[in-house]
Amino acid sequence: MIVQTDSQLAALCAELQHVPALFLDTEFVSESRYYPDLGTIQVGGGGQIALIDPLSITDFSPFFALLVDPNIIKVFHAAVQDLAIFYRMLGQPVTPVFDTQVANALLGHDEQISFANLVERVTGEHLQKAHSFTDWLRRPLTPGQVEYALDDVRYLIPVYEALVRELQQHDRVEWAREEFRRFEDESRLAPADPQELYLRLRGVDRLSGKTLAMLRALVAWREETARARNLPTGRIARDEVLMELARRPRQRAKELREIRGMLPQQVEQFGEAIITVLSRGALEPCPGIKRTPSLPTSLEPTVDFLALCLRSLAGAKAISPGVVATRGDLAALIQAGDQADVPLMRGWRRRVIGEDLLATLQGRATARIIPGSRQVHLDWHDVPAAN
């Protein structure tokens, strides 16, 4: 079914308003844009699947009501981009959410598994991906495009049902709910504050004073310009260019041409604005950065040992270790112990793995290789007496 009018959408949503779960996917075009342009919305539930043509619909309110209905679970695969698109349309988060990629990782499988590979793992079916890079804004859609898009919700249904059974069998339903709640956190979906984005640039922790103030001004200006013109930020100026300008500011627009990575058309379009922003940034208060003390080199082997313990513990409990903690989380644990502000020290992660890693820091774990299998095994014992 292809839904192309407001009345068709209202009728479809009326049929779906009592389903327990809604299966959703989108196709969009993001190249050369700041905001992706939505091409299709695929929806399934109640024994039917449909493709909604957002280029033809003017009243989405019946569909939006389903997206925020607390009694209907919204099922996605790799939900982040879809949820960001819907947040921009709705102005509020979709809730509640179930992400099949996350659920798969909680069961010890590949953390970043593609939908096609997950379908094959669960159902044995092999999906054709011939239309992965098609133009979803061109009309009319071909029959091949429509079937390709609908397959993403057609097969999402059995994948979801299988994963729910697996989560129940392994007593991990609450883990999944805890993970999915982060998708409903508005602070993760709302556009970032342009004044804070400079903190994400590589090497920012090595800057200070006026250099930092100018970088903050440049990055904020670039972000605001990109949003206003619907352009990727890299089309305005690359990160490396902004870092160079903050370190060695230029006085005239024509001087920007000497910067490697600054294209002539960028100088022509944005040169005068960049010089103005640099001048303004130099007069702004110097921002401070909360700098986390770097881990001493002597403790790098401790991170290695914790990573080994993490893999061993996660393997024994059939969890993907990357879902539990990153190397940065382990470094934070070494520095701050149970006060570390990382996911590892919260919720199910702490209960299942984190407490054991804290015990490891107290000297309660040793690792050995089992000769027959050559696998690593952890032995647990009382804390040794201090010398």
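Going by the structure above, here's the rest.
Because the structure is predicted, anything quoted here is derived from the model rather than measured.

Undergrad: Could you give me a rundown of the packing of helix α14 (residues 300-316) against helix α16 (residues 327-336), with the residues and numbers involved?
TA: For the pair α14 and α16, the least separation of the axes is 9 Å and the interaxial angle reads 115°. Considering the relative orientation of α14 and α16, their crossing is right-handed. Together, Glu300, Thr302, Val303, Asp304, Leu306, Ala307 and Leu310 of α14 and Arg327, Leu330, Ala331, Leu333 and Ile334 of α16 make up the contact between the two elements. Across the contact of α14 with α16, the residue classes break down as eight nonpolar, one polar and three charged.

Undergrad: Account for the pattern of salt bridges, naming residues and giving values.
TA: The full count for this structure, using the stated rule, is 24 salt bridges. Linking Glu244 and Arg250 is a salt bridge whose minimum nitrogen-to-oxygen distance equals 3.0 Å. Pair check on accessibility: Glu244 and Arg250 agree, each one buried. Arg250 is the salt-bridge partner of Glu258, the closest N and O atoms lying 3.1 Å from each other.

Undergrad: Could you give an account of the packing of aromatic side chains, with specific residues and numbers?
TA: We describe a pair of aromatic rings using the distance from one ring centre to the other and the angle between the two ring planes. Applying the stated criterion across every chain, the model contains 10 aromatic pairs. Their ring planes at 70° and their centres at 5.4 Å tell us that Phe23 and Tyr160 sit as a pair that is edge-to-face. One end of the pair, Phe23, is in strand β2 (residues 21-29); the other, Tyr160, is in helix α7 (residues 156-169), with 137 residues separating them in the sequence. Just as Phe23 is buried, Tyr160 falls in that class too. Among the aromatic side chains, those forming a connected cluster through ring pairs are Phe23, Phe98, Tyr160 and Phe180. If you follow Arg88 out to its NZ or CZ, it ends over the ring of Tyr35, 3.5 Å from the centre.

Undergrad: Can you lay out the sheet that holds strand β4 (residues 48-52) for me, pointing to particular residues and giving the numbers?
TA: Strand order in the open sheet made by the six strands is β1-β4-β3-β2-β5-β6, with mixed pairing throughout. Two strands bound the open sheet, and with one partner strand each, they are β1 (2-3) and β6 (97-99). The sheet contact formed by β2 and strand β3 (residues 37-45) spans seven bridges and is antiparallel. What sits directly across from Glu27, in β3, is Thr40. In the packing of helix α3 (residues 80-90) onto the sheet, the strands contacted are β2, β3, β5 (73-76) and β6, and the crossing angle to β2 comes to about 90°. Packing of α7 onto the sheet brings it into contact with β2, β5 and β6, and relative to β2 it is tilted by some 125°.

Undergrad: Explain helix α8 (residues 173-180) to me, and be specific about the residues and the numbers.
TA: Those residues of α8 that sit buried are Trp175, Ala176, Glu179 and Phe180. Within α8, the buried residues cover an arc of 130° as seen down the axis, which keeps them to one side. Taken together, the buried residues of α8 touch β6, α4 (100-106), α7 and α17 (347-361).

Undergrad: If you had to explain the side chain of Asp151 to someone new, which residues and values would you point to?
TA: Structurally, Asp151 can be placed in helix α6 (residues 143-154). Side-chain polar atoms of Asp151 contact the side chain of Arg154, separated by 2.3 Å.

Undergrad: Describe the side chain of Gln101, with residues and values.
TA: Relative to the helices and strands, Gln101 is located in helix α4. A distance of 2.9 Å separates the side chain of Gln101 from the backbone oxygen of Ile113, its partner in a polar contact. Setting aside residues no more than four positions away along its own chain, Gln101 makes contact with His77, Ala78, Glu111, Gln112 and Ile113.

Undergrad: Mind laying out unusual backbone geometry, listing which residues take part and the relevant values?
TA: In this model, Thr95 is joined to Pro96 through a cis peptide bond whose omega is -15°. Tracing the backbone shows Pro96 in the loop between α3 and β6. The amide bond that connects Arg139 to the next residue, Pro140, takes the cis arrangement and shows omega of 0°. Considering the arrangement of structural elements, one finds Pro140 in the loop between α5 (115-123) and α6. Even without a glycine there, the phi angle at Asn230 is positive, about 55°. Structurally, Asn230 can be placed in the loop between α10 (209-229) and α11 (233-236). Even without a glycine there, the phi angle at Arg374 is positive, about 60°. Along the chain, Arg374 falls in the loop between β7 (365-369) and β8 (376-380).

Cut-offs applied
Residues numbered from 1 in each chain as written. Predicted model: local features only at pLDDT ≥ 70, side-chain atom pairs only at ≥ 80, totals over all residues. Heavy atoms only, no water. Axes fitted to C-alpha atoms, helices over the stretch in contact; angles between N-to-C directions. Helix = DSSP H or I, 4+ residues; strand = E, 2+ residues; numbered from the N terminus. Left-handed = near helix turned anticlockwise from the far one by under 90°. Contact = heavy atoms within 4.5 Å. Nonpolar A, V, L, I, M, F, W, Y, C, P; charged D, E, K, R; others polar. Salt bridge = Lys/Arg side-chain N within 4 Å of Asp/Glu carboxyl O. Buried < 20%, exposed > 50% of the residue type's maximum accessible area, 1.4 Å probe, protein only. Phe/Tyr/Trp six-rings, centres within 6.5 Å; stacked < 30°, edge-to-face > 60°. Lys NZ or Arg CZ within 6 Å of the ring centre and 35° of its normal. Pairing = 2+ DSSP bridges. Arc of directions from axis to C-beta. Polar contact = N/O pair within 3.5 Å; in protein donor to acceptor, adjacent residues only side chain to side chain.

It is worth stressing that arrangement in space is one thing and function is another; only the former is reported here.
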